[in-house]
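Residues per chain, in single letters:
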Amino acid sequence: MASELELEMQAIDRSLLECSAEETAGKWLQATDLTREVYQHLARYVPKIYCRSPNPCPQKEDMVAQHVLLGPMEWYICGEDSEFGFPKLEQANKPSHLCGRVFKVGEPTYSCRDCAVDPTCVLCMECFLGSIHRDHRYRMTTSGGGGFCDCGDTEAWKEGPYCQKHELNTSEIEEEEDPLVHLSEDVIARSYAIFTVMFRYAVDILTWEKESELPADLEMVEKSDTYYCMLFNDEVHTYEQVIYTLQKAVNCTQKEAIGFATTVDRDGRRSVRCGDFQYCEQAKSVIVRNTSRQTKPLKVQVMHSSIVAHQNFGLKVLSWLGNIIGYSDGLRRILCQVGLQEGPDGENSSLVDRLMLNDSKLWKGARSVYHQLFMSSLLMDLKYKKLFAVRFAKNYERLQSDYVTDDHDREFSIADLSVQIFTVPSLARMLITEENLMTIIIKTFMDHLRDRDAQGRFQFERYTALQAFKFRRVQSLILDLKYVLISKPTEWSDDLRQKFLEGFDAFLELLKCMQGMDPITRQVGQHIEMEPEWEAAFTLQMKLTHVISMMQDWCALDEKVLIEAYKKCLAVLMQCHGGFTDGEQPITLSICGHSVETIRYCVSQEKVSIHLPVSRLLAGLHVLLSKSEVAYKFPELLPLSELSPPMLIEHPLRCLVLCAQVHAGMWRRNGFSLVNQIYYYHNVKCRREMFDKDIVMLQTGVSMMDPNHFLMIMLSRFELYQIFSTPDYGKRFSSEITHKDVVQQNNTLIEEMLYLIIMLVGERFSPGVGQVNATDEIKREIVHQLSIKPMAHSELVKSLPEDENKETGMESVIEAVAHFKKPGLTGRGMYELKPECAKEFNLYFYHFSRAEQSKAEEAQRKLKRQNKEDTALPPPVLPPFCPLFASLVNILQSDVMLCIMRTILQWAVEHNGYAWSESMLQRVLHLVGMALQEEKQHLENVVEEPVVTFTFTQKMSKPGEAPNNSPSILAMLETLQNAPYLEVHKDMIRWILKTFNAIKKLRESSSPSPVAETQGTIMEENSRDKDKAERKRKAEIARLRREKIMAQMSEMQRHFIDENKELFQQTLELDASTSAVLDNSPVVSDMTLTALGPAQTQVPEQRQFVTCILCQEEQEVNVESKAMVLAAFVQRSTVLSKNRSKFIQDPEKYDPLFMHPDLSCGTHTGSCGHVMHAHCWQS
């Protein structure tokens, strides 16, 4: 059989080889209807060359096709043998200054980090090695296939756009030179004619949808009954499924099935059976039946052999066209004209449009071939690149919809060419202004996310696998928007302003759908049954992070655009807030004589969302108003008077309170989905446009409102208002029989609230908030990362946020703040913080996680001990705020802040009567330190500010108001300095008192303050003297009592056995007398003494609390509580056995609790120690 087929092929080859390219071309030159002549030739010969056997031989087919089919076309173009004609064309051609090498999969590519306009600008290895970029900082990656080398593209590089090879081609090139001048008119006419025929032929046959008949022009006279069962690739079925199905359908071996599957995956399709129609249809039905049980079936078509033959040749034609145009830029220009020429059907009828719009219907191999043709033709000709970009933008919505519904990877879709078009700055601007590209991309994106809740917000609940797959594909549109924005404009036209702001409107609509999405409510009673969907919303936020930053960067470049964008963003935020406050009751809060009206809202009871992109965008724009000084130049153009500070701060504050409550353990029953959301909210990938912007928005609000009002609203949201507004509430609270959890939660919330105040005042390293630049911001990040421990380069880069160009800016500043320690035995070089930078360390740096803060504190204290310094970690000296945020520092000297400080210090002084923690005291000390640093700076800059309005030292010297009459902050600090239970904070208190005295001297040396202030100072000095006298009197009483106690203790030791009854009574008296002692010098605590005998001391039973690992509920262990159990494993043990050879006769009846004298075997019970409720274990 094989020999007969071989003979037949040889016979066919002989008859075909008799064809003459010259004769055929001559015939075509004489023809009046070239299309008809060429189509007849193709109809006759293509089926004789291609698809002659079940197992095709591509090399042999292509060789014959070159001689019989493509040879005449080449002769027709050149007017002579192509071996002579093409070299002549190549010689006459001015070589292109563009490289345009198309990358294969896995090929290395190089991008210069110093000179590339964006990370998508890459060079092939040859161009890179011959360019100036080899001596710069560069990034090397492997190509996924499909892109091309940007050497020679002046818009892709800030410097050195040409390598040595392509630089030679630039000297003689004129800007708008027409490449057709290098071709004769005859060649132009013939090329145009044959390109038109062959390009149309390829497009027609590749987009042909009938399976059994050809177009009329290509139909054969004699039609054979040979069909192919053609299997197409998809990204749904696995290799194993396809191999198994093929073995059943076409009775092939596993090896043959693997070969089929590999070819289908690589080329996109493969014939798996050849024969008559019925024979192939039978295989098709088996394949469809076997693959349609769980998913859509594999695509299979029974196609006539002649159609397959013409389609194979159609691909060969496209490859041939790509090769031919390489000889001459003129031929490339002609092919571009042919491809983009509008057809008879008007809109979208050009050959290029037809291919693009049928992209999702073509198989993988066909897509790759025509994409490469587009890249070597349309994208290499600057004139037609613009025209193609316009066609691409006009069809953008349709192309993206096709891609989303298709299942092939992005690299095999025409939509992937967006990176080649949108990253060219001139094209991107042109498409924004002429085609409104920004708006098109955003609206196309939103059209694909149709699931909304009642308020119109995106809803990602109940997402099926298909919807999740679709959402992943839709995200590529965000990447396109990033490409469009990645290069910032240097000049703005009115059209660009208008179209950008239209796009900004569309972007605000997108953010509006995200504002408040995925709201959560605290779970009480029982643990949440099913974890809610949260990943989709955060994925969307992560993808948009750089886009949001770039939108702000664009706004910052033009004052008019910034003002308009700010107004639009504020209007949208007010629309969002309109629906948020429905049904929330107004209440009035009062502390220290200050009152504010707000709404009743509890984060722990109401719905709250972590997604607030509109608020955060407004915060970013507000900072830009300050940074660009627009706020001071054109205040009349800005709606600053319309701003409602309580409205601005409400939702960011709720979000930060949510984080505090999660940290306090109040949301345990909401499961891991919330924990993960809080993690990503603070994570380096998201924080720039989430956590950081929430802090900025609160800073914006505080700078525009009375700080006392802000603090009262904050106390209310943290659910701590009652503790600080009611005298002695803390004492009552701790003395009442309160669940330990509630006390701990409140302590944590107070700590978190104080931490937030520290951040609001201390985080001023964003340009626009503080008087700093971007370099200072990066330096500070690096200083605090290296304060934790020395780090390797890669570790440090991971901890820093990247911009849209994947740059952190680390290299420009690292040498200023760190030494590089060369790798030793470990093999890793480390950056170590310079000693002089340690003074910039802030213990409460807002990007520290809790673990990092703890490590940094330990490391810095250890360093200070090694240097024999005191271990205080005072707040660093901070840069001044920008004028727009300058009033923010007044929060430190506000009455409510002083009340909070005084209350917590009072708790620490009377430490047995209140529920408090050292952490909250440490934060108060830090805040006091910050206030003193601030006042010191104000006094040192007294030349610039004639009247110093920041008078914290005076206020901290005043005692509390009635009815509390608590001592002043200064007095309490002096008391705490000697407290034995605060040993670790003594250095910090000492530093505060030292700084206070330094400021006092500064004030005395500076010019006298106004009269009213002087009188106030005298009154404060008098009150302070009284405080000192009172403290001295109390100290004397305490000393006498202490001596009396020590004498009584000596007496007790002598008569312990005989007089234990009297001893016990004396102990009680001693206990009562010592409770009133205010001095905190070390004394022997009565609680350490225990009397024995008839009236022995009752030892209080320790209360034990355990947490169920299944429901996370904490419970006290006692008889009345629910039963708690441990999971245990009981097994036989012979560790102490004296007779290991003994065999137990009847194991079922053996009692493991009875132990034989020979200890042959015992029982071992092991447990992990995790405690559970009995009912949780059973369920």
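Rules used in this analysis
- Residues numbered from 1 in each chain as written.
- Predicted model: local features only at pLDDT ≥ 70, side-chain atom pairs only at ≥ 80, totals over all residues.
- Heavy atoms only, no water.
- 1 Å grid on protein atoms, 1.4 Å probe; cavity = no way out; pocket = protein on both sides within 12 Å on 5 of 7 lines; lining within 4 Å.
- Points joined across faces, edges and corners; volume = space filled by probe spheres on them.
- Helix = DSSP H or I, 4+ residues; strand = E, 2+ residues; numbered from the N terminus.
- Nonpolar A, V, L, I, M, F, W, Y, C, P; charged D, E, K, R; others polar.
- Pairing = 2+ DSSP bridges.
- Axes fitted to C-alpha atoms, helices over the stretch in contact; angles between N-to-C directions.
- Expected span 1.5 Å × (residues − 1).
- Buried < 20%, exposed > 50% of the residue type's maximum accessible area, 1.4 Å probe, protein only.
- Parallel < 35°, antiparallel > 145°, perpendicular 65-115°, else oblique.
- Left-handed = near helix turned anticlockwise from the far one by under 90°.
- Contact = heavy atoms within 4.5 Å.
- Disulfide = S-S within 2.5 Å.
- pLDDT = per-residue confidence, 0-100.
- Phe/Tyr/Trp six-rings, centres within 6.5 Å; stacked < 30°, edge-to-face > 60°.
- Core = buried A, V, L, I, M, F, W, Y, C linked by side-chain atoms within 4.5 Å.
- Patch = residues over 30% accessible without salt bridge, like charges linked within 9 Å, V, L, I, M, F, W, Y side chains within 5 Å.
- Areas by Shrake-Rupley, 256 points an atom, 1.4 Å probe, with all protein chains shown as cover.
- Salt bridge = Lys/Arg side-chain N within 4 Å of Asp/Glu carboxyl O.

Draft legend 1. Spotlight on empty space enclosed by the protein. Scanning the model with the defined rule gives eight cavities of 30 Å³ or more in all. The volume enclosed by the largest cavity comes to roughly 90 Å³. As for the largest cavity, its lining consists of Leu843, Tyr844, Arg861, Thr871, Ala872, Leu873, Gln922, Leu925, His926, His985 and Met988. Among the elements that make up the lining of the largest cavity, the one with the highest residue count is helix α40 (residues 918-940) (three residues). Tallied by class, residues from the lining of the largest cavity come to six nonpolar, four polar and one charged.

Draft legend 2. Representation of the sheet that holds strand β3 (residues 227-232) in the model. The sheet built from three strands is open, its strands ordered β4-β3-β5 with antiparallel pairing. In the strand order of this sheet, the two ends are held by β4 (269-275) and β5 (300-304), each with one partner. Adjacent strand axes in the sheet meet at a mean angle of 30° when their direction is disregarded. Sheet topology places β3 next to β4; six bridges connect them, and they run antiparallel.

Draft legend 3. Region of interest: helix α43 (residues 986-1005). With 20 residues, α43 extends 29 Å between its outermost C-alpha atoms, agreeing within 8% with the 28 Å of an ideal straight helix rising 1.5 Å per residue. Listing the buried residues of α43 in full gives Lys986, Asp987, Met988, Ile989, Trp991, Ile992, Leu993, Thr995, Phe996, Ile999 and Arg1003.

Draft legend 4. Examining the packing of helix α9 (residues 239-250) against helix α10 (residues 254-267) more closely. Contact geometry of α9 with α10 gives a least axis separation of 9 Å together with a crossing angle of 125°. The orientation of α9 with respect to α10, classified from their angle, is oblique. Every pair of crossing elements has a handedness; the one defined by α9 and α10 is right-handed. Touching Tyr239, Val242, Ile243, Leu246, Gln247 and Val250 of α9 are Gln254, Ala257, Ile258, Phe260, Ala261, Thr262 and Asp265, all from α10. For the contact of α9 with α10, the residue count by class is nine nonpolar, three polar and one charged.

Draft legend 5. Representation of unusual backbone geometry within the structure. Of note, Asn436 is a non-glycine position whose phi angle comes to about 55°, a positive value. The residue Asn436 is located in the loop between α19 (425-435) and α20 (437-448) in this model. Since its relative accessible area comes to 16%, Asn436 is described here as buried. Although it is not a glycine, Asp518 sits at a positive phi angle of roughly 50°. By the element assignment, Asp518 lies in the loop between α23 (494-514) and α24 (535-556). Residue class for Asp518 comes out buried when judged on its relative accessible area of 11%.

Draft legend 6. Expanded view of the state of the cysteines. Taken as a whole and judged by the stated rule, the model has zero disulfides. Summary of cysteine pairing: Cys1176 is not part of a disulfide, and the nearest cysteine sulfur, belonging to Cys1108, is at 4.0 Å.

Draft legend 7. Fine view of the confidence of the model for the protein. For the protein, mean pLDDT is 84; residues scoring 70 or higher make up 86% of the total. Below pLDDT 50 for its whole length, residues 1009-1021 participates in nine contacts with residues either more than four positions away or in separate chains.

Draft legend 8. Summary view of the packing of aromatic side chains. Throughout the structure, instances matching the rule amount to 32 aromatic pairs. Where Phe86 meets Tyr327, the ring centres are 4.5 Å apart and the plane angle is 5°; that geometry is what we call stacked. Of this pair, Phe86 sits in helix α5 (residues 82-92) while Tyr327 sits in the loop between α12 (305-324) and α13 (329-340), and the two are 241 residues apart along the sequence. Overall, the relative accessible area of 4% leaves Phe86 in the buried class. Plain terms: the ring middles of Tyr201 and Phe313 are 5.9 Å apart, the flat faces sit at 50° to each other, and that makes the pair tilted. In this pair, Tyr201 is assigned in helix α8 (residues 185-206) and Phe313 in helix α12, connecting sequence segments 112 residues apart.

Draft legend 9. Representation of the nonpolar core within the structure. Judged by nonpolar contacts, the single largest core of 280 residues is most densely connected at Phe195 and Phe313. Discounting chain neighbours no more than four positions away, the residues touching Phe313 are Leu42, Val46, Tyr50, Ala65, Leu69, Leu70, Met73, Met198 and Tyr201. Judged by nonpolar contacts, the second largest core, of 21 residues, contains Phe260, Ala261, Val264 and Val300.

Draft legend 10. Expanded view of a nonpolar patch on the surface. A cluster of nonpolar side chains, Ile1109, Leu1110 and Trp1177, forms an exposed patch at the surface whose accessible area comes to about 320 Å². With respect to the element layout, Leu1110 can be found in the loop between β10 (1105-1107) and β11 (1114-1116).

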